[in-house]
Amino acid sequence: MSGLQNYSSQLLKYTRLFNNGCVARLRSTATSSFEMIQRERKVSANNYDPSSVVITRGKGIYMWDVEGKKYYDFVGGFATLNQGHCHPKIIKAMTDQLNKLHHTSRAIFHDSLYELNEFLTEQFEYEKVLNMNTGVEGGESSIKIARKWGYRVKKIKHNQAEVVFAHGNFWGRTIAAISASTDPTSWNEFGPFVPGYQIVPYDDLEQLEKALKNPNVCAFMVEPLQGEAGAVVPTLGYLKGVRELCTKYNVLWIDDEIQAGLGRTGKMLAVDYENVKPDLLILGKALSGGVYPVSVVLGNSEVMDVLTPGTHGSTYGGNPLACKVALASLDVIISEGLVENAFKMGEIFRSELTARLDENKLVQVRRRGLLNAIVLNTNGVSNYVYKLNNELKTNGLISKSIGSNALRFSPPLIITEEQLREGIDIIVNTINDFNI
């Protein structure tokens, strides 16, 4: 059978299937959460184990499942929804741009990129912006910049550049990202890994200095607050020490603020707690209000200008839709005082939890702004936190379990004190009454 005959035969087959209603039957709408979960699991890769709730609508800090039950969202889309669900300013900016121009490719200019990048450089006091899509692309892009800077400026020998990371880091699950991971779930059976990486303990300046003495080190990439590790906050002075050591040994400091940045910690950037400035700044997640993948790397010209035409790129990075969405998202954070609200609500959240949780169950509250985690005494029960997380869901609040003994809470930064206290009541009552 010729290629044309084979194509015609396949086309006839699909036409018959469609006309016989097979496609329509396959696309029949599920009517319950249970059915939707079963159908999704049957046809989707098994790389997630989500809580057994199916959300169909979100507004502000709330979500509703397909049965109509209302939940407090204390996950916030992994800190992408700083502005809440479906913020009208962001949705309007997106729909307006969709009806005008949503994509061009960077082969030509468009009229939105300069607006976003001018705003970013003025707001964060850097000279240049690299526009990407996902957070992990921001991480990989910053490493590429640092390596090229290492060869061009620091004069590291060809293919000898090294990047240092902190233990417990998390910046994605690409091969480059998991090569830096210390979590076996991320890297087991995915090797071989990217060379030129080394790991030092988090919040340990002595070990960091030992690593930076290596003349082949071009960068140290670190989270100013480790989000996925469970809101781990370093000792005050650590970030200042990082700045001093990177300057001393001519190493670029890459600040991963994808999760901690843009108001989440009660400051615009988490490094603002120590008034220090990294060489490269990565932003993502809430940069789009959770409605579209947007990430950026910011730096000054002496570092960023190592990139020349053809050395890096992205099909969607910096597209018109992304730019308008990011501008609206930043406007909401600034004009609605979300940074200040995150700080204020975070203080209330931690104070209430510390005062009201059963002291026999509470080990520690890790915190900064509205990125908080509580470490619990599980009495050696391996699935304690998993079941507790499900109990919170049953009681109307969505949270995130971290490891075997912690729960993380990162509600939208638009949350009011009344809403926060209602959520606190659910958390406190659930944990204090929970037994396994």
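The name an unreviewed UniProt entry assigns to the chain is Ornithine aminotransferase, from the organism Macrosiphum euphorbiae. Per its UniProt entry, the chain bears the Pathway (unreviewed entry) comment "Amino-acid biosynthesis; L-proline biosynthesis; L-glutamate 5-semialdehyde from L-ornithine: step 1/1."

Enquirer: Whenever I open this one, the packing of helix α14 (residues 338-356) against helix α16 (residues 417-433) confuses me. Can you help?
Expert: Each pair of packed helices gets described by two things: the angle between the helix axes and the distance between those axes. Where α14 contacts α16, the axes come no closer than 10 Å and their chain directions differ by 25 degrees. The orientation of α14 relative to α16 falls into the category roughly parallel. Where α14 crosses over α16, the two elements pack in a sense that is right-handed. Across the interface between the two elements, K344, M345, I348, F349, E352, L353 and R356 from α14 touch E417, L420, R421, I424, D425, I427, V428, N429 and N432 from α16. Partitioned by chemical class, the residues of the contact of α14 with α16 number eight nonpolar, two polar and six charged.

Enquirer: Looking at this structure, I do not really get the nonpolar core. What am I missing?
Expert: Across soluble globular proteins, nonpolar side chains have a tendency to be buried as a group. One finds F124, L212, F220 and I374 to be the most contacted residues of the largest nonpolar core, which totals 84 residues. Of the residues forming this core, the biggest block, 10 residues, is contributed by helix α13 (residues 320-335). The contacts of L212, once residues within four sequence positions are left out, are V164, V217, F220, L245, C246, Y249 and V251. Counting residues in each nonpolar core, the second largest holds 28 residues, with L130, Y197, C218 and V306 among its members.

Enquirer: What is the right way to read the packing of aromatic side chains from this model?
Expert: What describes a pair of aromatic rings is the distance from one ring centre to the other and the angle between the planes of the rings. Enumeration over the complete set of coordinates arrives at nine aromatic pairs. Consider the rings of F349 and F409, whose centres lie 5.7 Å apart with planes at 65 degrees: the pair is edge-to-face. Here F349, found in helix α14, pairs with F409, found in strand β15 (residues 406-409); they are 60 residues apart in sequence, far enough to count as distant. Take F349: its relative accessible area is 2%, and that puts it in the buried class. Three or more aromatic residues joined by ring pairs form one cluster here, namely Y62, W64 and Y72. The cationic tip of K70 hangs over the ring face of Y62; the distance from NZ or CZ to the ring centre is 3.9 Å. Directly above the ring of Y273 sits K267, whose terminal nitrogen or CZ lies 5.5 Å from the centroid.

Enquirer: Honestly, unusual backbone geometry in this entry has me stumped. Any pointers?
Expert: Backbone phi values are negative for most residues with the exception of glycine, while trans is the configuration of most peptide bonds. Each neighbour pair has its own omega, and for G191 with P192 the value is 5 degrees, a cis peptide bond. When you line up the elements, P192 lands in the loop between α9 (184-187) and β6 (197-200). Even without being glycine, D203 reaches a positive phi, approximately 60 degrees. By the element assignment, D203 lies in the loop between β6 and α10 (205-212). You will see that N275, though not glycine, has its phi angle at about 50 degrees, which is positive. Relative to the assigned elements, N275 resides in the loop between β8 (252-256) and β9 (280-283). Accessibility expressed as a relative area gives 71% for N275, which makes it exposed.

Definitions and cut-offs
- Residues numbered from 1 in each chain as written.
- Predicted model: local features only at pLDDT ≥ 70, side-chain atom pairs only at ≥ 80, totals over all residues.
- Heavy atoms only, no water.
- UniProt positions renumbered as here; feature names shortened; annotations may be inferred.
- Axes fitted to C-alpha atoms, helices over the stretch in contact; angles between N-to-C directions.
- Helix = DSSP H or I, 4+ residues; strand = E, 2+ residues; numbered from the N terminus.
- Parallel < 35°, antiparallel > 145°, perpendicular 65-115°, else oblique.
- Left-handed = near helix turned anticlockwise from the far one by under 90°.
- Contact = heavy atoms within 4.5 Å.
- Nonpolar A, V, L, I, M, F, W, Y, C, P; charged D, E, K, R; others polar.
- Core = buried A, V, L, I, M, F, W, Y, C linked by side-chain atoms within 4.5 Å.
- Buried < 20%, exposed > 50% of the residue type's maximum accessible area, 1.4 Å probe, protein only.
- Phe/Tyr/Trp six-rings, centres within 6.5 Å; stacked < 30°, edge-to-face > 60°.
- Lys NZ or Arg CZ within 6 Å of the ring centre and 35° of its normal.

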